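Remarks on the overall topology
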Amino acid sequence: MATESLQKLKYSIHKCSSFSSCYVPENILIDKPSDQSSRWSSDSNNPPQFLILKLERPAIVQSITFGKYEKTHVCNLKKFKVFGSMKEDNMIELLDSGLRNDHLPETFSLKHTVSGHMFPCRYIKVVPIQSWGPSFNFSIWHVELRGNDDIEVIQPCISWFNHYREKEAIRLCLKHFRQHNYTEAFESLQKKTRVQLEDEMLSRLHKLLVIDGNFSACEDLLEKAAVEGIFNVYLRQQEYKPKWSPIISGGEGSQTAPGMRGGHQMCIDVHSEIIYLFGGWDGMQDLSDLWAYHIPSNQWTCLSQDTSSEEGPSARSCHKMCIDTERKKIFTLGRFVDVSVRSRSPDSLKSDFYVYDIDTNKWTLITDNTAEMGGPQLIFDHQMCMDVEENTIYVFGGKIHTSQSVDEHASVCPEPLFSGLFAYRVPTNTWYKLQDDSSGCTCPSPYELRPRVGHSMLFHEKNRKLYIFAGQRSKEQLSDFYTYNVDTGEVQVLCDGAKVEVPSTGLTQRATIDPELSEIHVLCGSNREKDKREENIRNGLWVYEINQNKWSCVYSSKLNGQQTLKGQELEPCPRFAHQLVYDHLNKVHYLFGGNPGKHSPLKMRLDDFWCLKLFRPTVEQLLRKARRLIRQQHFQEITKTDPVRALAYLQSDLADTVDHSDDEETREFQLLASKLFRTKDQDDDVHLDKGDDVEVKFHQRTALFDTLVEFFPDEMTQPKENLVELISL
């Protein structure tokens, strides 16, 4: 539907539950953010609480906007759901989200299509779940619905929706009849309505498995489905399993590998499969060595022991690097300077900017002070990304160094200064300030990017967006998550850490991006208490699926900063000031060095090197699992008629589908053998006559069929719901 067709929809308050209308404007479409009484407020925060809006006529409701009070308020909806339907009962969930606790209106898209067709609503139900203030009641300050109520558009949608619901009701009946072996009723209803329960391939699978018991043909059909890529959607939805592996290249203390350090920088050329490492702090001094690690040969090469002696950058830590893999250039910017050096040497506050040519092994000073070119001042703990296509570098955040000395006896420490968002065009050697911490954002958006330190920033080359997550501003730990469109300047809030579960925030997370899978991977290692982060750091790996706007925790380590690696060789100890890079072509992460914390019995800086691979089940593994399930059913049926044949089948056909290195699969396989030696008194089915035995077999096969159906896409399968579950008492 074209955007031009969107319009405000007129509605009235149809029903409230435990809501008292403190004040209802004559025209409820009027937003009065300065009037605290202009809201609907609940008497309590005990469920059920809801507000039902009745539209003047059916409409395609495409978005909902919530207005707010002019200030933050404890009664704002931290979590809520929106439902809709043509009638008040049996509503469809249209949205599950929450509001930020600020004064800015928020607009959300509502689900308004099913199977590619728009469906109409007459009633919209807003259900508060949690307010921002603990134990406070709920308030809705203003609601605006937008969509299309043109009768020429709505009438065909109503006709289709009624037909869709009738068809789905028939499919539920067909599913119920088939699951309960009401064969005549199933065939009669299908013949009368000509409604298909599922894809033809699944109907064929049901006949082969449940009706015919042709287990071999079932396996052939599943293999055909695998070849056609039908299981890819299911495999994509499975959780990752991480596997860490230590990389050994040269002995301890050997000069064939970088020494221990933290605050260093790494970048990777995924095409040449080379990782570059520069600088850092070894616990005593800043470093200025440059290394290259060739992944295929597992070899480190020292490109320079001291880059400053080769017209390159001086020794440094807390700087940032980014790589142009197309033009084979590495850029580095920023560094930490101790306050004692800053106070006595004004030149130490200059922000030098270097580029390294990989092919010629040469450094070039672009400028000795980016601030004089309109770029950032001298900063550290910032982030830097490369847009290779447009040959542009983006720099965001970081603390600005000043010459002001810190008075240890002062009651109030000076507030730190944070750097904003900058862009550097490489071909023209030009800096652009996109946002300053003081002047705000010039982008066409009501949202600003709050400058910070210790955050993550990644560039998605396909959707042309920067992804900015977490960090710290003064003493505030941030858990917000933004995107910045580099072409339009638009800022979008993905989440603020309040609506959904997100990774632990802090200064120690490291993030990478996979543009092909549209995934962001975050390795966390800090809690929310800055002063205690060294004592309580823990590894945690999270994956953010960009297209689904969904975070998931892959694993959370049981190790903390006080534990050693003893007995934990397959996982690096928690740390901070480390570096993590990602080869998105081969799907491998690489981690080097860092600081394990003050109270760790390990050395103060680390020089260990690890690779991390994330695994999902392969189609071959899924097929093996399906075969194992099918053959287990076949085995159980054979044991009742021919135990000798069943034993041979168990030792050959079924054993071939078992991963004997998997303890759970092995234990399950061993328990199957016990079925061969059960006495009649132990047999649960001994009391069954032949007819009952057939019925048991039918229901066992049906349960297996339902399990196999889970591997197929939803559009191919029978309905997920069950008919009996719709019956309420």
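Worth saying up front: this structure is predicted, and the values here are computed from it rather than measured.

Another aspect to go through is the sheet that holds strand β21 (residues 353–357). Taken in spatial order, the 4 strands line up as β19-β20-β21-β22 in an open sheet, and their pairing is antiparallel. Edge positions in the sheet fall to β19 (320–324) and β22 (362–367), since each of these pairs with one other strand and no more. For this sheet, the mean inter-axis angle between neighbouring strands, taken without regard to orientation, is 25°. Relative to β22, β21 runs antiparallel, the two sharing 5 bridges. Paired with tyrosine 354 across the bridge in β22 is leucine 365.

What follows deals with unusual backbone geometry. With the exception of glycine, most residues fall at negative phi, and the peptide bonds are largely trans. The phi dihedral of aspartate 381 is positive, around 55°, even though this residue is not glycine. Positionally, aspartate 381 belongs in the loop between β23 (379–380) and β24 (383–387). Classification of aspartate 381 by relative accessible area gives partly exposed; the value is 26%.

To continue, consider the environment of threonine 332. Following the sequence through the fold, threonine 332 ends up in strand β20 (residues 329–333). Sequence separation between threonine 332 and methionine 384 is 52 residues, and the spatial gap between their C-alpha atoms is 8.8 Å. A polar atom in the side chain of threonine 332 sits 3.2 Å from the backbone oxygen of lysine 320.

The 4 strands lie next to each other as β14-β40-β39-β38, forming an open sheet whose pairing is antiparallel. Edge positions in the sheet fall to β14 (241–246) and β38 (579–583), since each has one partner strand and no second. Strand after strand, the sheet turns through a mean of 25° between neighbouring axes, direction not considered. One ladder, built from 6 bridges, connects β14 with strand β40 (residues 606–615); its direction is antiparallel. When the bridges of β40 are listed, proline 246 appears paired with tryptophan 610.

Glancing now at helix α4 (residues 215–227). Taking 1.5 Å of rise per residue, 13 residues should cover 18 Å, and α4 covers 19 Å from first to last C-alpha, within 8% of that figure. By the burial criterion, the buried members of α4 are Phe215, Cys218, Glu219, Leu221, Leu222, Ala225 and Ala226. All buried residues of α4 fall inside an arc of 160° around its axis, so they share one side. Positive phi appears at glycine 229, one or two residues downstream of α4, with a value of about 75°.

Reported here for the second largest pocket is a volume of approximately 1200 Å³. Taken together, 34 residues line the second largest pocket, and the ones lying closest to its centre are Tyr164, Arg165, Glu168, Leu172 and Glu721. For the lining of the second largest pocket, the leading source of residues is helix α1 (residues 151–179), giving 12 residues. Here the lining of the second largest pocket is composed, by residue class, of 12 nonpolar, 8 polar and 14 charged.

Moving on, we get to the side chain of glutamine 632. Secondary-structure assignment places glutamine 632 in helix α8 (residues 619–639). A polar side-chain atom of glutamine 632 sits 3.1 Å from a polar atom in the side chain of glutamate 668. Those residues in contact with glutamine 632 that lie beyond four places of it in its chain are Leu654, Glu668 and Leu672.

How each quantity is defined
Residues numbered from 1 in each chain as written. Predicted model: local features only at pLDDT ≥ 70, side-chain atom pairs only at ≥ 80, totals over all residues. Heavy atoms only, no water. Pairing = 2+ DSSP bridges. Helix = DSSP H or I, 4+ residues; strand = E, 2+ residues; numbered from the N terminus. Axes fitted to C-alpha atoms, helices over the stretch in contact; angles between N-to-C directions. Buried < 20%, exposed > 50% of the residue type's maximum accessible area, 1.4 Å probe, protein only. Polar contact = N/O pair within 3.5 Å; in protein donor to acceptor, adjacent residues only side chain to side chain. Expected span 1.5 Å × (residues − 1). Arc of directions from axis to C-beta. 1 Å grid on protein atoms, 1.4 Å probe; cavity = no way out; pocket = protein on both sides within 12 Å on 5 of 7 lines; lining within 4 Å. Points joined across faces, edges and corners; volume = space filled by probe spheres on them. Nonpolar A, V, L, I, M, F, W, Y, C, P; charged D, E, K, R; others polar. Contact = heavy atoms within 4.5 Å.

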